[in-house]
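Read off the chains here:
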Amino acid sequence: MMYHHHHHYYYYYGVGKQSSSTLSDISSGTDHTPTRVQKNTTTTSEGVDSSTRTLSTPSPGLILPSKTSSLSSPALSSNGHDTQSSSSSSAPAETSAVVHAQPGAGPHARSARQPKGHHSSSSSSSSGPSPIDLLPDHALLQVFAHLPTNQLCRCARVSRRWYNLAWDPRLWGSIRLAGELLHADRAIRILTHRLCQDTPNVCLTLETVVVSGCKRLTDRGLYILAQCCPELRRLEVAGCYNVSNDSVFEVTCISLTEEASLQLAPVHGQQISISFLDMSDCLSLEDEGLRIIASHCPRLTHLYLRRCPRLTDDSLRHLALHCPSVRELSLSDCRLLGDFGLREVARLEGRLRYLSVAHCPRITDVGVRYVARYCPRLRYLNARGCEGLTDHGLGHLARSCPKLKSLDVGKCPLVSDSGLEQLALYCQGLRRLSLRACESVSGRGLRALAANCCELQLLNVQDCEVSPEALRFVRRHCRRCVIEHTNPAFY
């Protein structure tokens, strides 16, 4: 497909669904965080309020923008009666919680119980139960398992039966909160309180919490997670600017103290189980915070620290020392990191598969040589914008990492045809390559690549001085390759 933009021609292609993070972000220009599709993990600026599992207890409602009229008027419960909201309206552009009574538990609820086998529902009529009420519990649970968090909360308002099913612990293995105006701390407190009722003080089923982009999340929210979620495996707090080193200490260390272990999770071990941690854009994270993470999360396999401007080379020493299982590491835009930091990263050795150091201007051939020498199984490297990288570093990388699949050396002006020829000679399984704005690259290097790397699927040569003939040569030899370019003479 060809698009015309600012007098340039761009070729793009669509990438299918992938589960591996080794698919790079070559085209997008941003570092990619791989995520798996999780059930029950979509909540916009909505949450729930706390309740207990009795007939007279309010059912969690939704967190809605206060500008809606529902906050200033009584909320309609599922049984058709008006139930006064327990939360007052907040200021414009804020978010607040609406608490609804459990269906059938209000002052107008029927005094007589339903006959055995009959379930009440908001859609029931005098002629008989609705078709969905005829489904057995296990079938409804299968349906609920595919609903996002906010929809589960709405289902809890339909009937007493749905209320109990919607809060089945098996449906709450993961939670996703999103929205800049969301009261993230309050939503976390409410959800964990409700999920802790069957197992007091601890959420044994909650393994994934995603609160990326919730700018109002503070240390208090993470403190609650640290207290209640000993089985937490995956935590994403990217873009949460108010998270500090103190909260990092809490979420990784609170269950390590003897008193906390006895009080919160006496049946669990002393080590934290988190394996996936994304703290991108946490501007307050410093070396001490990363030291705490590394020393108390030895099971980490995926760590993303993009745009954490206070991290230095010294912080990476603890990572290699305490987290030997790290396979994917992103340090993009951490501008204080340099070659000494990559020397520490190289101590991860054969386990490291994915590394991004894009836009780290202090990194040169020296750091890349450390990684190439000690991490021979590396599959993905993003060194975009590392202007100190030259053909010598690229040559060491090619000779030491022959299984490399994806490489981004865009905006590295010292990379030339010589480096590409070595890459073509030793990395013949290469599939994705970005040379965007590499001014020294010409048709000679591209021909060498095309002749040897027949599996190439994506080549980005935008803003490179390459001839149409060289691009046609690539197209003839790599028929599956999509070429992104800015040469109007090539079509």
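Source: prediction; values computed, not measured.

Procedures and definitions
- Residues numbered from 1 in each chain as written.
- Predicted model: local features only at pLDDT ≥ 70, side-chain atom pairs only at ≥ 80, totals over all residues.
- Heavy atoms only, no water.
- Helix = DSSP H or I, 4+ residues; strand = E, 2+ residues; numbered from the N terminus.
- Buried < 20%, exposed > 50% of the residue type's maximum accessible area, 1.4 Å probe, protein only.
- Contact = heavy atoms within 4.5 Å.
- Areas by Shrake-Rupley, 256 points an atom, 1.4 Å probe, with all protein chains shown as cover.
- Core = buried A, V, L, I, M, F, W, Y, C linked by side-chain atoms within 4.5 Å.
- Pairing = 2+ DSSP bridges.
- Axes fitted to C-alpha atoms, helices over the stretch in contact; angles between N-to-C directions.
- Salt bridge = Lys/Arg side-chain N within 4 Å of Asp/Glu carboxyl O.
- Parallel < 35°, antiparallel > 145°, perpendicular 65-115°, else oblique.
- Nonpolar A, V, L, I, M, F, W, Y, C, P; charged D, E, K, R; others polar.
- Arc of directions from axis to C-beta.
- pLDDT = per-residue confidence, 0-100.
- Phe/Tyr/Trp six-rings, centres within 6.5 Å; stacked < 30°, edge-to-face > 60°.
- Lys NZ or Arg CZ within 6 Å of the ring centre and 35° of its normal.

J.: Please clarify how the overall build of the protein should be interpreted in this entry.
T.: When helices and strands are counted, the protein shows 15 helices and 20 strands. When the 491 residues of the protein are sorted by exposure, 51% land in the buried category. If you take every contact in the protein between residues at least 6 apart in sequence, the share linking residues at least 24 apart comes to 76%. Approximately 22200 Å² of the protein is accessible, and the part contributed by carbon and sulfur atoms is 52%.

J.: Help me out: how do you make sense of the nonpolar core in this one?
T.: One finds Leu 217, Leu 355, Leu 397, Leu 407, Leu 433, Leu 435 and Leu 446 to be the most contacted residues of the largest nonpolar core, which totals 115 residues. At five residues, helix α4 (residues 184-195) tops the list of elements feeding residues into this core. Here Leu 446 is in contact with Leu 435, Val 441, Leu 459, Val 461, Val 466, Leu 471 and Val 474, once residues within four sequence places are set aside.

J.: I keep staring at the sheet that holds strand β18 (residues 432-434) and nothing clicks. Help me out?
T.: Through backbone hydrogen bonds, the strands of a sheet pair up, either in parallel or in antiparallel fashion. With respect to topology, twelve strands assemble into an open sheet ordered β9-β10-β11-β12-β13-β14-β15-β16-β17-β18-β19-β20, the strand pairing being parallel. The open sheet terminates on both sides in strands that have one partner only, identified here as β9 (174-176) and β20 (482-484). With direction set aside, neighbouring strand axes in the sheet form an average angle of 5°. The sheet contact formed by β9 and strand β10 (residues 208-210) spans three bridges and is parallel. Looking at the pairing, Ile 175 lines up with Val 209 of β10.

J.: Which parts of the structure should I look at to understand the pattern of salt bridges?
T.: In a structure, side chains of opposite charge can pair up when their charged atoms sit close to one another. Tallied over the entire structure, the rule returns 16 salt bridges. A salt bridge links Arg 307 to Asp 281, with the nearest nitrogen and oxygen atoms 2.8 Å apart. Placement of Arg 307 in the loop between β13 (302-304) and α9 (313-322) and of Asp 281 in the loop between β12 (276-278) and α8 (287-296) is noted, with a sequence separation of 26 residues between them. Judged by its relative accessible area of 34%, Arg 307 is partly exposed. With its nearest N and O atoms 3.3 Å apart, the salt bridge here joins Glu 344 to Arg 347. What emerges from the salt-bridge pattern is a single network uniting Arg 343, Glu 344 and Arg 347.

J.: Hey, could you run me through unusual backbone geometry in this one?
T.: Glycine aside, the phi torsion of most residues is negative, and most peptide linkages are trans. Its identity is not glycine, yet Arg 307 carries a phi of approximately 55°, on the positive side. Within the chain, Glu 349 stands out as a residue other than glycine whose phi angle is a positive 55°. Examined against the element boundaries, Glu 349 turns out to sit in the loop between α10 (339-345) and β15 (354-356). What makes Glu 349 partly exposed here is its relative accessible area of 39%.

J.: Would you mind showing me how to read the packing of α8 against α9 here?
T.: Direction vectors running N to C along α8 and α9 enclose 0°, while the axes themselves pass 8 Å from each other. Judged by the inter-axis angle, α8 sits roughly parallel to α9. Every residue of α9 that contacts α8 at Asp 287, Leu 290, Arg 291, Ala 294 and Ser 295 is listed here: Asp 314, Ser 315, Leu 316, His 318, Leu 319 and His 322. Grouping the amino acids of the contact of α8 with α9 by side-chain chemistry returns four nonpolar, four polar and three charged.

J.: What exactly am I supposed to notice about the packing of helix α12 (residues 391-400) against helix α13 (residues 417-426) here?
T.: To describe two helices that pack against each other, one gives the angle between their axes and the distance between the axes. Between α12 and α13, the least distance of the axes is 8 Å, while the angle of their chain directions is 0°. Accordingly, the angle class assigned to the pair α12 and α13 is roughly parallel. On the side of α12, the interface is formed by Asp 391, Leu 394, Gly 395, Ala 398 and Arg 399, while α13 contributes Ser 418, Gly 419, Leu 420, Gln 422, Leu 423 and Tyr 426. When its residues are assigned to classes, the contact of α12 with α13 shows five nonpolar, four polar and two charged.

J.: Explanation requested: helix α11 (residues 365-374) in the structure shown.
T.: Note that an α-helix has 3.6 residues per turn; residues three or four places apart therefore point the same way. Within α11, the full set of buried residues consists of Asp 365, Gly 367, Val 368, Val 371 and Ala 372. Relative to the axis of α11, the buried residues are bounded by an arc of 160° and lie together on one face. Elements that come into contact with the buried residues of α11 comprise α10, β15 and α12.

J.: Please explain the confidence of the model for the protein as it appears in this structure.
T.: A low pLDDT means the predicted coordinates there should not be read in detail. Chain-level pLDDT for the protein is 74 on average; 68% of the residues reach the 70-or-more range. pLDDT under 50 marks residues 1-30. Its contacts with residues more than four places away, or in other chains, come to 71 contacts. Every residue in residues 33-101 scores below 50 in pLDDT, and together they form 185 contacts with partners more than four places removed in sequence or on other chains.

J.: Looking at this structure, I do not really get α13. What am I missing?
T.: Turning to α13, its buried residues number three or more, namely Asp 417, Gly 419, Leu 420, Leu 423 and Ala 424. Buried residues of α13, seen end-on, are gathered within an arc of 155° and therefore sit on one face of the element. Buried residues belonging to α13 abut α12, β17 (406-408), β18 and α14 (443-452).

J.: Help me out: how do you make sense of the packing of aromatic side chains in this one?
T.: The relation between two aromatic rings is expressed through the spacing of the ring centres and the mutual angle of the planes. Taken as a whole, this structure holds five aromatic pairs when the rule is applied. Ring plane angle 40° and centroid distance 5.4 Å describe the contact between Phe 276 and Tyr 304, whose orientation is recorded as tilted. Of the two residues, Phe 276 is situated in strand β12 and Tyr 304 in strand β13; the sequence distance between them amounts to 28 residues. Its relative accessible area of 5% is what places Phe 276 among the buried residues. When the ring of Tyr 354 is compared with that of Tyr 380, the centres are 4.3 Å apart and the planes differ by 5°; the resulting orientation is stacked. Of this pair, Tyr 354 sits in strand β15 while Tyr 380 sits in strand β16 (residues 380-382), and the two are 26 residues apart along the sequence. Pair check on accessibility: Tyr 354 and Tyr 380 agree, each one buried. The structure contains a cluster of three or more aromatic residues connected by ring pairs, namely Phe 276, Tyr 304, Tyr 354 and Tyr 380. It is Arg 234 that lies over the ring of Phe 276; its NZ or CZ is 3.5 Å from the centre.

J.: Looking at this structure, how should I read the environment of Arg 479?
T.: Mapped onto the secondary structure, Arg 479 falls in the loop between α15 (468-477) and β20. For Arg 479, a relative accessible area of 75% puts it in the exposed group. For the pair Arg 479 and Glu 455, spaced 24 residues apart in sequence, the C-alpha separation works out to 8.9 Å.

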